[in-house]
Amino acid sequence: MNDWRGMLDAVVRERGRALFGYAYVLTGDRDAAEDLLQDALVRAFRSGRRCSSVDAAHAYAKRAITTAFIDAARRASSRPVSAGDLTDWVSRAPLAPDHGSRVDAVLDLQSALLILAPRERACVVLRYMDDMTVAGVADTLGLAQGTVKRYLSDAVATLRRTMPGLEFGDGDTVPVVTRDGGVR
């Protein structure tokens, strides 16, 4: 068995669920997540790329998922979509039975994430759900840190308008101690 085939098998066996979960958070749809994951794995391993470890292959596959998601959204954006189509889609979307406010909050967050542009959604998922730093998100997506900050700022503003009670941790800030001993 070729080295890359063994690595692909190991990644799917050991990290397949995590990769599927990542694809699902980006797409919001089980079937689309499966298609996205398969497309990304084909992209990642079609050239016989060698990875030194399962961790490296997992990171490479995750990057391929993000790239495939953004590329698919870019292709889809070239086709016109009317607001009525979105309204029809939202009204047909199946809802989970009510198991409490937590489920409702997750569904609301998922719906809110689907409103965001693909790059904004990718930045939010990597920053707040994968707990990456802005620098890590920028490195993962191949963007400048300022661009990532702009995408995050726009996305957070949109999410706050959609879900006013939603809180975002601001892990990249540092408390400033004033001369009088107060903290800002």
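This section reports on the structure supplied with the text.

## Here's the deal with the packing of aromatic side chains
Consideration 1: This structure, assessed with the given rule, holds one aromatic pair.
Consideration 2: The aromatic ring of tyrosine 22 is capped on one face by lysine 62, whose charged end is 4.9 Å from the ring centroid.

## Points about helix α2 (residues 30-45)
Consideration 1: Along its 16 residues, α2 runs 22 Å from first to last C-alpha, staying within 8% of the 22 Å computed at 1.5 Å per residue.
Consideration 2: Of all the positions in α2, only Ala33, Leu36, Leu37, Ala40, Leu41, Ala44 and Phe45 are classed as buried. Projected down its long axis, α2 shows its buried positions confined to an angular sector of 140°, all on one face. Along α2, the residues that are exposed and aim more than 90 degrees away from the buried face are Asp31, Asp35 and Gln38.
Consideration 3: For α2, the N-terminal cap is aspartate 29; the gap from its side-chain oxygen to the backbone nitrogen of aspartate 31 is 3.3 Å.

## Concerning the pattern of salt bridges
One side chain can pair with another of opposite charge once the charged atoms of both are near each other.
Consideration 1: Counted under the stated rule, the structure contains seven salt bridges.
Consideration 2: The residue arginine 150 makes a salt bridge to aspartate 154 at a minimum N-O spacing of 3.2 Å. On the criterion of helical spacing, the pair formed by arginine 150 and aspartate 154 is a turn pair, its members being four residues apart in helix α8 (residues 145-162).
Consideration 3: Judged by relative accessible area, arginine 150 falls into the exposed class, the value being 53%.

Analysis parameters
- Residues numbered from 1 in each chain as written.
- Predicted model: local features only at pLDDT ≥ 70, side-chain atom pairs only at ≥ 80, totals over all residues.
- Heavy atoms only, no water.
- Phe/Tyr/Trp six-rings, centres within 6.5 Å; stacked < 30°, edge-to-face > 60°.
- Lys NZ or Arg CZ within 6 Å of the ring centre and 35° of its normal.
- Helix = DSSP H or I, 4+ residues; strand = E, 2+ residues; numbered from the N terminus.
- Expected span 1.5 Å × (residues − 1).
- Buried < 20%, exposed > 50% of the residue type's maximum accessible area, 1.4 Å probe, protein only.
- Arc of directions from axis to C-beta.
- Polar contact = N/O pair within 3.5 Å; in protein donor to acceptor, adjacent residues only side chain to side chain.
- Salt bridge = Lys/Arg side-chain N within 4 Å of Asp/Glu carboxyl O.

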